[in-house]
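A structural walkthrough
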Amino acid sequence: MKSFVLQTRPLFESHTGTNIAGVLKAAIQEWGLEKAPHSTAVVTDNARNMEVAVREAGLSPHIKCFAHTLNLASQAGLNVSRVSRLLGHVRKVVAFFHRSATATAVLAEKQKMLEIASHKLIMDVVTRWNSSMDMLECYLEQQAAITASLLSTEVRKNARQLDTLDSNDITDAEEIVTLLKPLKKATSVLSDEKSTTLSLIVPLKSMIEQSMTLDEKDSTTIANMKAAILQNISGRYSEVHNYLLESTALDPRFRSLPHLLPEQREEVFHRLMDKSNQLQQAGTVERAEKREITQRVEQEQPPPSKKTALEDLLGATFAKPTVSQSKCRIEVEIEMYKKDTSIPLTSCPLKWWKENAQAYPLLSSLSKAYLTVPATFVPSERVFSTAGDIVNAQRSQLLPENVDMLVFLQKNL
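This text gives an overview of the structure that appears in the document.

Calculation criteria
- Residues numbered from 1 in each chain as written.
- Predicted model: local features only at pLDDT ≥ 70, side-chain atom pairs only at ≥ 80, totals over all residues.
- Heavy atoms only, no water.
- Helix = DSSP H or I, 4+ residues; strand = E, 2+ residues; numbered from the N terminus.
- Buried < 20%, exposed > 50% of the residue type's maximum accessible area, 1.4 Å probe, protein only.
- Contact = heavy atoms within 4.5 Å.
- Areas by Shrake-Rupley, 256 points an atom, 1.4 Å probe, with all protein chains shown as cover.
- Expected span 1.5 Å × (residues − 1).
- Bend = angle between axes of the 7 residues up to and from the residue.
- Salt bridge = Lys/Arg side-chain N within 4 Å of Asp/Glu carboxyl O.
- Patch = residues over 30% accessible without salt bridge, like charges linked within 9 Å, V, L, I, M, F, W, Y side chains within 5 Å.
- Core = buried A, V, L, I, M, F, W, Y, C linked by side-chain atoms within 4.5 Å.
- Polar contact = N/O pair within 3.5 Å; in protein donor to acceptor, adjacent residues only side chain to side chain.

1. Digging into the overall build of the protein
- For the protein, the count of helices and strands is 20 helices and 2 strands.
- With 413 residues in all, the protein has 40% of them scored as buried.
- Long-range contacts, defined as pairs at least 24 residues apart, comprise 72% of the intrachain contacts of the protein with a sequence gap of at least 6.
- Carbon and sulfur atoms form 54% of the exposed surface of the protein, whose accessible area is close to 23,900 Å².

Spelled out as structure tokens, the structure:
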């Protein structure tokens, strides 16, 4: 997957949904995207004004960034009262070591003495949930050195109001880190611009929902976290659920759709059949591909044999229909695709479709419409970070249109 920046536009008015919709509609018209044979997907964060903007711009489907969705769900888990208090306790300890040069020096001595990795303590950032997990994980790694430092004569006089975590706190912290690891791994997967296709959302969301299923062995803290995360994430994507399932089915890594019942899988592929027919009618399958398909089908068909007397007499009534008579071409492709072997999770689905386009000419065209949609808006966040760097470097010399040109050149060339 490759992403390109077509344009960046300043919005000097209030960032209401209606004002953003106006910029979106202008961009669609400027680039002729309203003429596209398939719908124009939009990927944004979960903000209310973006919902309004996409709806008023008449664009669909609207995909909420899955990385942002994970952040919201994780924050819901971290906001459980017991977890919030525990994080606050750890945050005070970390802040103390960050402020005190003496405490930092003593910590380094204790790390060396106890043969613990010489890592600095991590302070979390409120807007990044995984930084809270990193802070907690680092604290657990360094707890022996932290305790020894706080008990030392040089540090104790300035840290009398700080307490180390007790055994219950440590147990909870360890369980919290273990619970959040799948979410952190999912976040790292979504940070890769080259292969983060829309098809990842359903498998990752299903995995998270399964990992958040309550277990009788769960402590009260973990049970409350699971409930909060599950409640936050389960209701999301219901309005685009079918679209996400179709994209997952078109990913050769996930084509088996194991989380669905057999009849549900058939419904997904039936919808894909309809979508493919719509694309064909709109002329999205190139004429060259059509000619190639026709030629291949004709070559594969043997010359008709002479009819026997029985076939001549009763063939019209009892003859078994051939595959070409009973099934349209897209049905044949789908049946072949479903029976094909799923590719490894480390493989690129877009590369697979490129290599197998001749075997599946109709499905491969359909896959482009789905699998080129990203699961996250991380790439656009990086674009705005780049734009900010350019503006800060040349603030006095740049007009908005110059920023647009410079970002276009830097990100595309």
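2. Focus on helix H6 (residues 129–151)
- The end-to-end C-alpha separation of H6 is 31 Å, in line with the 33 Å expected for 23 residues at 1.5 Å each.
- Where H6 bends most, the angle comes to about 65°, and this point is Gln-142.

3. Overview of the pattern of salt bridges
- Scanning all chains against the criterion turns up 14 salt bridges.
- Here Arg-91 ties to Asp-124 by a salt bridge, and the two come within 2.8 Å at their closest N and O atoms. Of the two residues, Arg-91 sits in helix H4 (residues 81–99) while Asp-124 sits in the loop between helix H5 (101–113) and H6, which places them 33 residues apart along the sequence.
- Glu-266 is paired through a salt bridge with Lys-338; the nearest N and O atoms lie 2.9 Å apart. Of this pair, Glu-266 sits in helix H12 (residues 262–281) while Lys-338 is found in helix H16 (residues 329–339), placing the two residues 72 residues apart along the sequence.
- Put simply, Arg-48, Glu-51 and Lys-64 are held in one network by salt bridges that share partners.

4. Considering a nonpolar patch on the surface
- Nonpolar side chains collect at one region of the surface, where Leu-6, Trp-31 and Leu-33 lie side by side and expose about 260 Å² of accessible area between them.
- Considering the arrangement of structural elements, one finds Leu-33 in the loop between helix H1 (17–30) and strand E1 (42–44).

5. Remarks on the nonpolar core
- Core analysis: the biggest nonpolar cluster contains 90 residues, and Ile-63, Phe-66, Phe-97, Met-225 and Leu-363 have the highest contact counts within it.
- The contact partners of Leu-363, leaving out residues within four places of it in the chain, are Leu-250, Ile-330, Glu-333, Ile-334, Tyr-337 and Trp-353.

6. So, the side chain of Asp-124
- Overall, Asp-124 belongs to the buried group, its relative accessible area being 11%.
- At 2.8 Å, the side chain of Asp-124 and the side chain of Arg-91 are in polar contact.
- Polar side-chain contacts of Asp-124 include one of 2.9 Å to the side chain of Ser-132.
- When near neighbours in sequence (up to four residues on either side) are disregarded, Asp-124 contacts Arg-91, Ser-131, Ser-132 and Met-135.

7. Description of the environment of Ser-234
- Within the element layout of this structure, Ser-234 appears in helix H10 (residues 220–234).
- Under the relative-accessibility criterion, Ser-234 is labelled partly exposed at 36%.
- Separated by 26 residues in the primary sequence, Ser-234 and Ile-208 place their C-alpha atoms 9.6 Å from one another.
- If we ignore the near neighbours within four places in the chain, the residues touching Ser-234 are Lys-205 and Glu-209.
- Looking at Ser-234, its side chain comes within polar contact range of the main-chain oxygen of Leu-230, at 2.7 Å.

8. Brief notes about the environment of Val-155
- You can see Val-155 is positioned in helix H7 (residues 153–156).
- For Val-155 and Ser-100, which are 55 residues apart along the polypeptide, the C-alpha to C-alpha distance reads 9.0 Å.
- Not counting chain neighbours up to four residues away, the residues in contact with Val-155 comprise Phe-96, Ala-103, Val-106, Ser-149 and Leu-150.

9. Description of unusual backbone geometry
- Following Ser-60, the chain continues to Pro-61 via a peptide bond in cis, the omega torsion being -5°.
- The phi dihedral of Tyr-237 falls on the positive side, at around 75°, and the residue is not glycine.
- Along the polypeptide, Tyr-237 turns up in the loop between H10 and helix H11 (241–249).
- You can call Tyr-237 buried: its relative accessible area is 4%.

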